[in-house]
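Residues per chain, in single letters:
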Amino acid sequence: MLDTKRTFDALINRYASPETRQKIMDNPFYEQASTALAGSQEYMAMEKLYEVRETSDFDLIILDTPPTSNALDFLTAPNRLEDFLGSNSIKVLTRSFRSAGRLGLGFMRVNRWILKGLNRFIGTEPFLRLLEFIESFQEMYAGFKTRAHRVREIFRQSDVAFVIVSATERAAMDEAFYFYNELQRYDMPFGSLLVNRVRLPRTEKIDKEALATNLFNKLSSADGAISSDHAAFRELADSVSANCEKYSILAATDQVRLDEFRTHLSQHHDRLLAVPLFEHDIHH
């Protein structure tokens, strides 16, 4: 699990000058930005991927994301970050700070008309601290944009593949279809679609009378005090048979839905992988 705050701290320590680093760390908005700001986890995941990919020597990197909405937020994070840093509002702010320096903040502190308006909304001091926080990131904007652009390139390289993990429940299928369509829309390299916990069809038919007799014989020989009422074992055999029939219906439904997956994948139908339902979770 990515530690967003720790990753953000490491980013500041790596790319900011000592003076800027101190200004950022001391600003009360930094705590909010590094932990709870919308998109901060996706941005830091992007930075972490860049760090692992570009500065480490691994044979294989696996990034496991939460459900679809979070995964898509991560995929679009480089674009959104570049759009934000390239927006007119940010350019105006940074240009003002660059030309006026600390004078810009000093002017606002003495302009009572501006301060009166600000106080109606968020308060003067919090707003000034926010501006100082934005200003302190000036020297890092270029690096943010460069790395975001690089991660966007990485997403489309031939040695990268996106694997969708789904199930045969309708809600999970709809999410998988949506994510697959989004990968196609963003021209991302699709690897495979893995359908987990697929029930396999049973081919054998249950002979209820033979099952009842078998249960009776085995239990009677194991314990002489067992009931000699063969009807009770027939009732148990009926229950087992009914459960098996229900399972067969679910298994047949799973096969129909696997066909639906194949149809939706179209030219990628050969990249559908089904993992059977096992008694226990798969682990190494």
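So, a few notes on the structure that sits alongside this text. Note that the structure is a prediction, hence the values are computed from the model and not measured. (Residues numbered from 1 in each chain as written. Predicted model: local features only at pLDDT ≥ 70, side-chain atom pairs only at ≥ 80, totals over all residues. Heavy atoms only, no water.)

**Focus on the pairing of strand S1 (residues 162–166)**
The line we're drawing: Relative accessibility decides the category of a residue: with a 1.4 Å probe and only protein chains considered, values under 20% of the type maximum give buried, values over 50% give exposed, and everything between is partly exposed. Working definition: helices are DSSP H or I runs of at least four residues, strands are E runs of at least two. Numbering for both runs from the N terminus. Strand pairing is assigned whenever DSSP identifies at least 2 bridges connecting the two strands. A crossover gets the label right-handed when its path from the first strand over the helix to the second runs clockwise, viewed with the strands pointing away from the viewer.
Burial along S1 is one-sided: the face carrying Phe162, Ile164 and Ser166 is buried and the face carrying Val163 and Val165 is not. Across five bridges, the pairing between S1 and strand S2 (residues 190–198) is parallel. In the sheet register, Phe162 faces S2, and the bridge partner there is Phe190. With helix H11 (residues 170–185) bridging S1 and its parallel neighbour S2, the resulting β-α-β unit is right-handed.

**Details of the pattern of salt bridges**
Applied cut-off: Here, a salt bridge means any Lys or Arg side-chain nitrogen found within 4 Å of an Asp or Glu carboxyl oxygen.
Taken as a whole, this structure holds 13 salt bridges when the rule is applied. In this structure, Arg147 and Glu47 form a salt bridge, with 2.7 Å as the shortest nitrogen-oxygen distance. Of this pair, Arg147 sits in helix H10 (residues 141–155) while Glu47 sits in helix H4 (residues 40–55), and the two are 100 residues apart along the sequence. Side by side, Arg147 and Glu47 carry an identical accessibility label, which is buried. Between Arg170 and Glu260 there is a salt bridge, with the nearest N and O atoms lying 2.9 Å from each other. Residue Arg170 is found in helix H11, and its partner Glu260 is found in helix H13 (residues 230–265); the two are separated by 90 residues along the sequence.

**Comments concerning the environment of Phe162**
For the record, the criterion: Here, two residues are considered to be in contact whenever any of their heavy atoms come within 4.5 Å of each other.
Positionally, Phe162 belongs in strand S1. The spatial distance from the C-alpha of Phe162 to the C-alpha of Met188 is 7.7 Å, given a sequence separation of 26 residues. Apart from residues no more than four positions distant in its own chain, Phe162 is found in contact with Leu75, Phe155, Leu183, Met188, Pro189, Phe190, Gly191 and Ser192.

**Digging into the environment of Asn217**
Take Asn217: it is sitting in helix H12 (residues 208–222). As a C-alpha pair, Asn217 and Phe233 span 16 residues in sequence and 10.0 Å in three-dimensional space.

**Some thoughts on the side chain of Thr7**
Residue position: Thr7 is located in helix H1 (residues 4–15). Given the relative accessible area of 10%, Thr7 is considered buried. Filtering out sequence-adjacent residues up to four positions away, Thr7 remains in contact with Leu2, Met44 and Lys48.

**What about the packing of H1 against H4?**
Under the convention used in this document: Axes, fitted as lines to C-alpha atoms, cover a helix only where it is in contact. Angles between the N-to-C directions of the axes lie from 0 to 180 degrees. In this scheme, roughly parallel covers angles under 35 degrees and roughly antiparallel covers those over 145, while 65 to 115 is roughly perpendicular and the rest are oblique. Handedness of a helix crossing follows the sense of rotation of the near helix relative to the far helix, less than a right angle counterclockwise being left-handed and clockwise being right-handed. Side-chain classes are defined by residue name, with Ala, Val, Leu, Ile, Met, Phe, Trp, Tyr, Cys and Pro counting as nonpolar, Asp, Glu, Lys and Arg as charged, and the others, Gly among them, as polar.
Contact pair H1 / H4: the axes reach a minimum separation of 9 Å and the direction vectors enclose 55°. The angle between H1 and H4 falls in the class oblique. As for how H1 packs across H4, the hand of that crossing is left-handed. For the pair H1 and H4, contact is made by Thr4, Thr7, Phe8, Leu11, Arg14 and Tyr15 and by Ser40, Gln41, Met44, Glu47, Lys48, Tyr50 and Glu51, respectively. Considered class by class, the residues forming the contact of H1 with H4 number five nonpolar, four polar and four charged.

**A word on the sheet that holds strand S3 (residues 272–276)**
Pairing is parallel across the open sheet formed by three strands, whose spatial order is S1-S2-S3. At either margin of the open sheet sits one strand with a lone partner, and together these are S1 and S3. For this sheet the average axis-to-axis angle between neighbouring strands, irrespective of direction, equals 20°. In this structure, S2 lies alongside S3, joined through four bridges in parallel fashion. Across the sheet, residue Val195 finds its bridge partner in S3, namely Ala274.

**What about the packing of H4 against H10?**
Across the interface, H4 lies against H10 with an axial gap of 10 Å and an inter-helix angle of 70°. Of the possible angle classes, the one that applies to H4 and H10 is roughly perpendicular. Of H10, the residues touching H4 (which contributes Met46, Glu47, Leu49, Tyr50, Arg53 and Glu54) are Phe144, Arg147, Ala148, Arg150, Val151, Ile154 and Phe155.

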